[in-house]
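Per-entry structural report
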Amino acid sequence: MTLDNSRVRKSTVTLSDGRPLMYFGTVPERPADYPDRRQLTAVRVQSQARWDRLLGEWVVIAGHRQDRTFQPADSQCPLCPSSADSHTEIPAPEYEVAVFENRFPTLKAASAGNGGQRNAAEGDPSLLDADSARPAAGSLREDSRLGLLTSRPAGGRCEVVCFSQHHAASFADLSPAQVETVMAAWVDRSAELAAQPGVEQVYCFENRGAEIGATLSHPHGQIYAYPYITPRTDRMLASCAGYRRECGRNLFDDLLAAERADRARIVLESSHWTAFVPYAAHWPYEVHLYPHRRVPRLTALTGAARAEFCELYLDLLRRFDRLFDGPAPYISAWHQAPVHRGGDDFALHLELFTIQRAPGKLKYLAGSEAGMGAFANDLAPEAAAARLRQLG
Ligand SMILES: [Zn+2]
């Protein structure tokens, strides 16, 4: 099939343990010619979401993930294309962009092979299974009525997005056309996962670099489809609602306008997008990238905005790569409106940041940040923006 709003072709095949794999682009030409030859058995997923009554947020407990692949040798990379003597997660001998469900997911929708979670809760009378008590997840106010020791199956889905078949590449090495194919995959997955029962929020992100927790060096990102609204998104929506009550306007619109008027922290601007270091940046180098026309989700971006994003994002990533003596480890995070809330107020945007502040020096989440959630940033956002502007 050809995807809406782009010329990118999508083909879906099924891996030997039943997980779907999707190729985006024209390579391989005939995906069905390459079946998965590994004869995998399905992994039993035992994730549980537990309600932290003090902080008002869900925590996923996923014990089965201890056995997952951790920084394998290059020759054992599960994200490289398959060859005659190596059978990987991707059965074809070449591909452009591939997306598949994670074999060791943090989140997975309940199914016949995944029914053990609720038993764990039912077996302990001190744990209330909230699944039937609150069919519509998401609202913090609603969640605050839950019991003290409450759990529910951690439904949802985790997918892996392979940005390139080339093991040693990075996102910044892609061509704009290849980024368009990645973007088509993000848009397609955001729409399809949002339509699945129980999914409340879809999050596309990349962890780049072992320093930041990437367990595989092959260029790839992930997509989480959460069965609840994440804490940061919930806080942003609450700020938006408060601002609208007080000022009658949209907070995202006014913040973007304030940054564009102030100019001091602007890194890049184009006709559809602005990239800036936020006034109260949490991280040494942190850039937020907003479309000028507010849309709630990736699916609502116009073709012109999508095309321009590809060029701008590559420019930004290449600046990050020139910050230090080696490529900067980074997290790149797409913020989208939840599936059932915030469509009128939320502004789709991307947050890109590195934990590195100087060559060989990482900012760790230490006592104040990890213990109290209270951030201190040693680099002035205006200085970070000036540095990133110079690196063009
Ligand atoms: Zn690889």
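Attention in this report is confined to the structure presented alongside it. (Residues numbered from 1 in each chain as written. Predicted model: local features only at pLDDT ≥ 70, side-chain atom pairs only at ≥ 80, totals over all residues. Heavy atoms only, no water.)

We now examine the coordination of the zinc ion. Protein coordination at the zinc ion comes from Cys-77 (SG), Cys-80 (SG), His-167 (ND1) and His-218 (ND1), with a distance range of 2.1 to 2.3 Å. Here the zinc ion binds 4 donor atoms, and the angle range of 101 to 118 degrees at the metal identifies the geometry as tetrahedral. Here the donor residues of the zinc ion are spaced in sequence according to C-x2-C-x86-H-x50-H. Placement of Cys-80 in the loop between β4 (57-62) and β5 (97-101) and of His-218 in the loop between β9 (201-208) and β10 (220-226) is noted, with a sequence separation of 138 residues between them. On the basis of relative accessibility, which here comes to 16%, the residue Cys-80 falls in the buried class. (Donors = N, O, S within 2.8 Å, 3.2 Å for Na, K, Ca; no water. Tetrahedral: all angles 85-135°; square planar, octahedral: opposite > 155°, others 65-115°. Helix = DSSP H or I, 4+ residues; strand = E, 2+ residues; numbered from the N terminus. Buried < 20%, exposed > 50% of the residue type's maximum accessible area, 1.4 Å probe, protein only.)

An α-helix turns once every 3.6 residues. As a result, residues three or four positions apart point the same way. Here helix α5 (residues 251-262) contains 12 residues, and its C-alpha end-to-end distance of 16 Å stays within 8% of the 16 Å for a straight helix at 1.5 Å per residue. Every buried residue of α5 is accounted for by Leu-251, Phe-252, Leu-256 and Glu-259. Looking straight down α5, one finds its buried side chains confined to an arc of 130 degrees; they lie on one side. Those residues of α5 that are buried are in contact with α4 (231-247), β11 (266-269), β12 (273-276), β13 (285-291) and β15 (349-354). The opening residue of α5 is Asn-250, an N-cap whose side-chain oxygen sits 2.9 Å from the backbone nitrogen of Phe-252. Positive backbone phi, approximately 70 degrees, marks Arg-263, located one or two places after α5. (Expected span 1.5 Å × (residues − 1). Arc of directions from axis to C-beta. Contact = heavy atoms within 4.5 Å. Polar contact = N/O pair within 3.5 Å; in protein donor to acceptor, adjacent residues only side chain to side chain.)

In spatial order, the strands read β1-β2-β5-β8-β10-β9-β14-β15-β13-β12-β11; together these 11 strands make up an open sheet with antiparallel pairing. Of all the strands in the sheet, the pair left with one neighbour each is β1 (10-14) and β11. For this sheet, the mean angle separating the axes of adjacent strands, direction not counted, is 20 degrees. Pairing of β13 with β15 involves 5 bridges; the strand directions are antiparallel. By the bridge assignment for β15, Leu-289 is matched with Leu-350. (Pairing = 2+ DSSP bridges. Axes fitted to C-alpha atoms, helices over the stretch in contact; angles between N-to-C directions.)

Another aspect to go through is the pattern of salt bridges. Inspection of every chain in the model, using the stated rule, returns 27 salt bridges. The partner of Glu-159 in a salt bridge is Arg-189, with the nearest N and O atoms 2.8 Å apart. Of this pair, Glu-159 sits in strand β8 (residues 157-162) while Arg-189 sits in helix α3 (residues 176-194), placing them 30 residues apart in sequence. A relative accessible area of 0% means that Glu-159 is categorised as buried. Classification of Arg-189 as buried rests on a relative accessible area of 0%. In this structure, a network of salt bridges that share partners links the residues Lys-10, Glu-101, Lys-108, Arg-157, Glu-159, Asp-188, Arg-189 and Glu-192. (Salt bridge = Lys/Arg side-chain N within 4 Å of Asp/Glu carboxyl O.)

It is worth spelling out the pairing of strand β3 (residues 47-52) at this point. Looking at chain direction, β3 and β4 are connected through 6 bridges and run antiparallel. Bridged to Arg-50 within β4 is Val-59. Between β3 and the antiparallel strand that follows it, β4, lie 4 residues; Gly-56 among them carries a positive phi value of about 70 degrees.

A separate point is the nonpolar core. Core analysis: the largest hydrophobic core is formed by 56 residues, its most contacted members being Phe-171, Trp-186, Leu-289, Leu-298, Phe-309 and Trp-334. Sort the elements by how many residues they give to this core and helix α6 (residues 303-321) lands first, with 9 residues. Counting residues in hydrophobic clusters, the runner-up holds 15 residues, among them Leu-15, Tyr-23, Cys-77 and Ile-90. (Core = buried A, V, L, I, M, F, W, Y, C linked by side-chain atoms within 4.5 Å.)

Where α4 meets α5, the closest approach of the two axes is 9 Å, and the angle between their N-to-C directions is 90 degrees. The orientation of α4 relative to α5 falls into the category roughly perpendicular. Taken together, the residues of α5 that come into contact with α4 (itself represented by Met-236, Ser-239, Cys-240 and Tyr-243) are Leu-251, Phe-252 and Asp-254. Tallied by class, the residues present in the contact of α4 with α5 amount to 5 nonpolar, 1 polar and 1 charged. (Parallel < 35°, antiparallel > 145°, perpendicular 65-115°, else oblique. Nonpolar A, V, L, I, M, F, W, Y, C, P; charged D, E, K, R; others polar.)

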